[in-house]
Amino acid sequence: MLTIAGKPIYSVVGFKGFRYCRSGPLSVSGWIVPSLVLRANNLNPLSDLLSVTDTESDEEVIKALLTYQCDVGATEVRAEVGIPGSNRIKVIETLPPVPNVTYSLSLKLDVATRALLLDTLRDYEDELAELIGADELIEADEDEYAELRQLVTDAKLDLVSMGE
């Protein structure tokens with residue numbers, strides 16, 4: 001979660017009343033997780049921000065901050081790298097990592113088939129990562145989602161009731 005140097009914003013709570021830029025409403029790093037962080041800090045992202053502007057990409061969020069079209073925003077980590085003037089971008093909070101591109105194997109597979117698939121997938125990890133546009137592939141377990149679960153709790157959301 002970011003701002004531009006010179007703005008009197010020192011924490012996420014300080015986002016209240018400022019213009020927010022995001023890459024889009026479905027962006028995990030630009031809106032979904034930042035909305036949870038805002039809620040966890042007792043801010044309503046729909047009413048406590050002055051405005052919310054979609055820019056179409058993380059790079060455009062950075063450019064909107066640099067040209068003062070927005071005061072605050074959120075992007076993927078290090079999205080500002082390589083953009084001229086990005087040394088004026090101030091990181092307010094780094095969000096928990098969220099594995100958002102995944103592939104899963106059914107637990108209904110028999111042990112032999114599951115082992116065969118896992119061995120085959122490991123042989124082609126680089127190609128599979130490139131195919132799905134991931135930086136890397138990691139074998140995840142429940143611990144990978146611990147920070148996200150805590151953030152949902154801190155935001156006082158009941159995901160089970162939301163899904164009903």
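This is a predicted model, so every value here is computed, not measured. (Residues numbered from 1 in each chain as written. Predicted model: local features only at pLDDT ≥ 70, side-chain atom pairs only at ≥ 80, totals over all residues. Heavy atoms only, no water.)

Caption draft 1: A look at the nonpolar core. Residues Met1, Phe15, Tyr20 and Leu38 are the most contacted members of the largest nonpolar core, which totals 21 residues. Only helix H1 (28-40) and helix H5 (146-154) provide two or more residues apiece to this core. A total of five residues in this core trace back to one element, the largest contributor, which is H1. Setting aside residues up to four positions removed in sequence, Phe15 forms contacts with Met1, Leu2, Ile9, Tyr20, Leu38, Asp48, Leu49, Val72, Gly73 and Ile92. In terms of nonpolar packing, the next biggest core, distinct from the first, is built from 12 residues, Cys21, Val61, Ile62 and Ala64 among them. (Core = buried A, V, L, I, M, F, W, Y, C linked by side-chain atoms within 4.5 Å. Buried < 20%, exposed > 50% of the residue type's maximum accessible area, 1.4 Å probe, protein only. Helix = DSSP H or I, 4+ residues; strand = E, 2+ residues; numbered from the N terminus. Contact = heavy atoms within 4.5 Å.)

Caption draft 2: The arrangement of the state of the cysteines in detail. As enumerated under the stated definition, the model contains one disulfide in all. Each disulfide pairs two cysteine sulfurs, and for Cys21 the partner residue is Cys70, the sulfurs being separated by 1.7 Å. On the S-S bond that ties Cys21 to Cys70, the torsion sits near 40°, and the link is right-handed. Taken together, the residues Cys21 in strand S2 (residues 19-22) and Cys70 in the loop between helix H2 (58-66) and strand S4 (72-73) connect sequence positions 49 residues apart. Comparing Cys21 with Cys70 shows no difference in burial state: the two are buried. (Disulfide = S-S within 2.5 Å.)

Caption draft 3: A look at the packing of aromatic side chains. Counted according to the given criterion, the structure contains one aromatic pair. Aromatic side chains Tyr20 and Trp31 sit 5.4 Å apart centroid to centroid with 65° between the ring planes, which places their arrangement in the edge-to-face category. Taken together, the residues span a long stretch of sequence, with Tyr20 in strand S2 and Trp31 in helix H1 at a distance of 11 residues. Residue Tyr20 is classed as buried on the basis of its relative accessible area, which comes to 0%. (Phe/Tyr/Trp six-rings, centres within 6.5 Å; stacked < 30°, edge-to-face > 60°.)

Caption draft 4: Geometry of the packing of helix H3 (residues 111-123) against helix H4 (residues 125-132). Running from N to C, H3 and H4 point in directions that differ by 80°, and their axes come no closer than 5 Å. In terms of orientation, H3 and H4 fall into the roughly perpendicular class. From H3, Leu121, Arg122 and Asp123 reach across to H4, where they touch Glu125, Glu127 and Leu128. Partitioning the contact of H3 with H4 into residue classes produces two nonpolar, no polar and four charged. (Axes fitted to C-alpha atoms, helices over the stretch in contact; angles between N-to-C directions. Parallel < 35°, antiparallel > 145°, perpendicular 65-115°, else oblique. Nonpolar A, V, L, I, M, F, W, Y, C, P; charged D, E, K, R; others polar.)

Caption draft 5: The pattern of salt bridges, seen in detail. Enumeration over the complete set of coordinates arrives at six salt bridges. Here Arg19 makes a salt bridge to Asp71, at a shortest N to O gap of 3.0 Å. Of this pair, Arg19 sits in strand S2 while Asp71 sits in the loop between H2 and S4, placing them 52 residues apart in sequence. Among the ionic contacts, a cluster of salt bridges with common partners joins Lys7, Arg19 and Asp71. (Salt bridge = Lys/Arg side-chain N within 4 Å of Asp/Glu carboxyl O.)

Caption draft 6: Up close: the pairing of strand S3 (residues 51-54). Pairing of S2 with S3, which is carried by four bridges, proceeds in the parallel orientation. Across the sheet, Arg22 pairs through a bridge with Asp54, a residue of S3. (Pairing = 2+ DSSP bridges.)

Note that all results are geometric; they support no functional claim without further evidence.
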